Amino acid sequence: MMNKTEKILILDFGSQTTALIGRRIREFGVYTEIIAGDAPLTEAVLTGVKGVILSGSPESAYGEGIAPDKRIYECGLPLFGICYGLQRMTTDLGGLVEPLPKMEYGGVEVEIKTGGQKAEHSQFLAAFDEAIPLNQILESGDAGGAEETRAYEPPLHAPLRFTAWMSHGDTLTRLASGFVQVGTSASGFPAVALHQEKPWVGVQFHPEVSHCERGSEILAAFVFSMCRCKREWTMEQYVEEARAELSARAGDNPVLLLISGGVDSTVVGALLLKSLPIEQVHLMYIDTGLMRKNETQCVKKALEKLGAKNLRVINAETEFLAALKGEEEPEAKRKIIGDLFITIQEREVASLGLPESYFLAQGTLYTDLIESGKGVGKKAHLIKSHHNVGSPLVDAKRKAGKIIEPLDRLYKDEARALGRLLGVDEDVVARHPFPGPGLAVRILGEVTKEKCDILREADAIFIDELKRRRAPDGTGSLYDEVWQAFAVLLPVRSVGVAGDSRKYGWTLALRAIVSSDGMTADVYRFPMKDLLEIAGMITNSVKEIGRVTYDISSKPPATIEWE
Ligand code: XMP
């Protein structure tokens, strides 16, 4: 998709921050694509590419680190090496990379010498001057990149100094021929280098990391001053292209989408409904009985508002609860749910009687395809099934070339922005992630209908209050502050008082975490007043719960869910 669009290509050599480079540049309004560091740079891959970034890597350029296709040095495009990327360019072009006596890590002061470079180089160096605001660099993108590049006049107070963010154990001990060193770290090692003739630059730090001073300006200077990109990557344009592509791909064939109730699948649903004749779109949602309070109604309402007609909601609560009866072991519970989900899915899809030619749509995101260290190219297609189990249905459709994944170029927050643009209810768009096995992994031990109902009530109070209460800095709700929040029902009863008598109530744990991707998580520093009031509301309204605790474990060592 998006072949017509100008883009910055990012070669992924395995750094944990590669996806972040893409994210930052997209925020400027320029499309980015991440591919495996050693992917062949064919004409098709280079279509629309205005510049290439070589990412960082945990490997060494003289060791296990992979090399890019040599055509990168012949294609005439601007190149920007970041950390390993610069070391890679240096090694490939005849320079020398060797271990540092001591790793450079964290905030490191860098000094830049300016002057005497070619016009586009001096424009790149302007990014290091704190007198040049980011907006000025971005505006050169608004101008359409057509303007003649003017040389940047270094300020009188040159050299420029700033604090970069570094994380590397190798350094350039001999620059490749044609390169000059223009930036030096406080410990005396090369920090910025550029080629005197070609539009090739490199830095030994990570401008994509938010605490790297001048980081955004440096990325923007590469994108706009050196690559002359236009700022034209907008969600409106994405929708237009995605819709055209969807109708061309689907033709007259039916398209089936399995809705999980989460953001991604609902946004795909919206896109299908806005792109294809309504009758062509078939939506299926399986209510496992392990959903949050009002979840099924909420999803149904959101889809009907978008015009859904062929929407099949399957109530499978009895089947799931029967299958889970008596099972206490977490992995066994997950397996039961995954297997039953597949059985029901196959049964229900068969009963729709769709012709063999139907397409299956999925809410796969760009980040689902990027596996750090491998790059998109090598990961091929990671299958995102509803309950993270291999689904024969998805496998068969993929083999037949009948899978449609219209969000596979978007990051999570872009998928949310797309949902808003398509008119998906804010309640659905802003929703926290929810695990496939649902409340079953939040009810420790055996799952019963009664426990599901208790947990649903308590969780709804918690979530409604998070939505209603302002964050301490007043900028949004507590719900928006946290990445994920939920309640967990523990198989622990404790003593309490009810009127004059003693009673034994269940124990509930509240969890609220901050995270950027769910891979790691910190405990949310919950304002104590709100926490106490919410706990009080829960024990007052849900009589089966006698005690409330707050989970103060980060990930690692704990996971976000309890089972
Ligand atoms: P953990 O508990 O592994 O969770 O720290 C990380 C993130 O993944 C979600 N999660 C799941 N999502 N199916 C899903 O679709 C699952 O089986 C599953 N288990 C955990 C969890 O809610 C958190 O956002």
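Figured I'd write up the structure that's included with this text. What you are looking at is a predicted structure, and each value in this text was computed from that prediction instead of being measured.

What counts, and at which threshold
Residues numbered from 1 in each chain as written. Predicted model: local features only at pLDDT ≥ 70, side-chain atom pairs only at ≥ 80, totals over all residues. Heavy atoms only, no water. Salt bridge = Lys/Arg side-chain N within 4 Å of Asp/Glu carboxyl O. Helix = DSSP H or I, 4+ residues; strand = E, 2+ residues; numbered from the N terminus. Buried < 20%, exposed > 50% of the residue type's maximum accessible area, 1.4 Å probe, protein only. Axes fitted to C-alpha atoms, helices over the stretch in contact; angles between N-to-C directions. Left-handed = near helix turned anticlockwise from the far one by under 90°. Contact = heavy atoms within 4.5 Å. Nonpolar A, V, L, I, M, F, W, Y, C, P; charged D, E, K, R; others polar. Pairing = 2+ DSSP bridges. Polar contact = N/O pair within 3.5 Å; in protein donor to acceptor, adjacent residues only side chain to side chain. Phe/Tyr/Trp six-rings, centres within 6.5 Å; stacked < 30°, edge-to-face > 60°. Lys NZ or Arg CZ within 6 Å of the ring centre and 35° of its normal.

Digging into the pattern of salt bridges
Phase 1: Going through the model one piece at a time under the given rule, you end up with 38 salt bridges.
Phase 2: Across the salt bridge formed by D264 and K412, the nearest N and O atoms sit 3.2 Å from each other. Placement of D264 in helix α8 (residues 263–275) and of K412 in helix α15 (residues 412–421) is noted, with a sequence separation of 148 residues between them.
Phase 3: Look at D264 and you get buried, because its relative accessible area is 6%.

Side note on the packing of helix α17 (residues 449–468) against helix α19 (residues 528–541)
Phase 1: With their axes 10 Å apart at the nearest point, α17 and α19 run at an angle of 150° to one another. Of the two possible hands of crossing, α17 and α19 adopt the one that is right-handed. Packed against α17, whose contacting residues are A458, I461, F462 and E465, the element α19 presents I534, M537, I538 and S541 at the interface.
Phase 2: Considered class by class, the residues forming the contact of α17 with α19 number six nonpolar, one polar and one charged.

Notes on the sheet that holds strand β11 (residues 281–287)
Phase 1: Reading across from one edge, β12-β11-β10-β13-β14 is the order of the five strands in this open sheet, with parallel pairing throughout. Each having just a single partner strand, β12 (310–315) and β14 (403–404) make up the two edges of the open sheet.
Phase 2: Judged from the five bridges that link them, strand β10 (residues 255–259) and β11 form a sheet pairing that is parallel. Bridging from a neighbouring strand, I259 pairs with Y285 of β11.

Quick word on α15
Phase 1: Buried within α15 are the following residues: E414, A415, R416, L418 and G419.
Phase 2: Looking at the buried side of α15, the elements it contacts are α1 (18–27), α7 (235–250), α8 and α16 (426–429).
Phase 3: The positive-phi residue at the C-terminal boundary of α15 is G423, with phi of around 85°.

Some remarks on the environment of K399
Phase 1: Mapped onto the elements, K399 comes out in helix α14 (residues 392–399).
Phase 2: With a relative accessible area of 78%, K399 lands in the exposed category.
Phase 3: Remark: the alpha-carbon pair of K399 and L510, spanning 111 residues in sequence, is separated by 43 Å.

Regarding the sheet that holds strand β9 (residues 200–203)
Phase 1: Strand order in the open sheet formed by nine strands is β2-β1-β3-β4-β9-β8-β7-β5-β6, and the pairing between neighbours is mixed. The open sheet has two free edges, formed respectively by β2 (31–36) and β6 (160–174), since each of these has just one partner strand. Here the average twist between neighbouring strands, direction ignored, is 20°.
Phase 2: By the bridge criterion, three bridges tie strand β8 (residues 190–195) to β9 in an arrangement that is antiparallel. In the strand pairing of β9, L194 is matched with V201.
Phase 3: Its contacts with the sheet place helix α6 (residues 215–226) against β1 (7–12), β3 (49–54), β4 (79–82), β6 and β9, and it is angled at close to 165° to β4.

So, the environment of S541
Phase 1: Secondary-structure assignment places S541 in helix α19.
Phase 2: Between the C-alpha atom of S541 and that of I461, which follows or precedes it by 80 residues, the distance is 8.8 Å.
Phase 3: Within the local environment of S541, its side chain forms a polar contact with the backbone oxygen of M537, the two atoms lying 2.8 Å apart.

Quick look at the packing of helix α10 (residues 317–324) against helix α11 (residues 330–352)
Phase 1: The contact between α10 and α11 brings their axes to 10 Å, and the two run at 145°. Between α10 and α11 lies a crossing whose hand is right-handed. Contact residues: α10 offers E319, F320, A323 and L324, while α11 offers K333, I336, I337, L340, F341, I344 and R347.
Phase 2: When its residues are assigned to classes, the contact of α10 with α11 shows eight nonpolar, no polar and three charged.

So, unusual backbone geometry
Phase 1: The peptide bond linking K555 to P556 adopts the cis configuration, its omega dihedral lying at -15°.
Phase 2: Among the structural elements, P556 can be located in the segment after β18 (545–550).
Phase 3: A cis amide bond, omega 10°, links P556 with the succeeding residue P557.
Phase 4: Within the secondary structure layout, P557 lies in the segment after β18.
Phase 5: Unlike most non-glycine residues, R214 shows phi in positive territory, near 65°.
Phase 6: Following the sequence through the fold, R214 ends up in the loop between β9 and α6.
Phase 7: Given the relative accessible area of 13%, R214 is considered buried.
Phase 8: Backbone geometry at N294 places phi at a positive 60°, although glycine is not the residue there.
Phase 9: Tracing the chain through its elements places N294 in the loop between β11 and α9 (295–305).
Phase 10: With relative accessibility at 45%, the residue N294 sits in the partly exposed group.

Comments concerning the pairing of strand β5 (residues 96–112)
Every other side chain in a regular strand lies on the same face of the sheet, so the side chains alternate between the two faces.
Phase 1: Sheet analysis places β5 next to β6, joined by 13 bridges and oriented antiparallel. Bridge pairing in β6 links V97 to L172.
Phase 2: Inspection of the sheet shows β5 paired to strand β7 (residues 179–185) by three bridges, in the antiparallel sense. Within the sheet, the bridge partner assigned to V110 lies in β7 and is S185.

A short note on the packing of aromatic side chains
Phase 1: Taken as a whole and judged by the stated rule, the model has 16 aromatic pairs.
Phase 2: Each ring, one from W233 and one from Y238, has its centre 5.5 Å from the other, and the planes form 90°; the classification is edge-to-face.
Phase 3: Of the residues examined, W233 reaches a relative accessible area of 7% and is grouped as buried.
Phase 4: Here the aromatic rings of Y524 and F526 are separated by 5.6 Å at their centres, their planes lie at 70°, and the arrangement is edge-to-face.
Phase 5: Since its relative accessible area comes to 9%, F526 is described here as buried.
Phase 6: Residue placement shows R442 over the ring face of F486; its charged tip is 3.8 Å from the ring centre.
Phase 7: Above the plane of the ring of W506 lies R493, whose end atom (NZ or CZ) is 4.2 Å from the centre.

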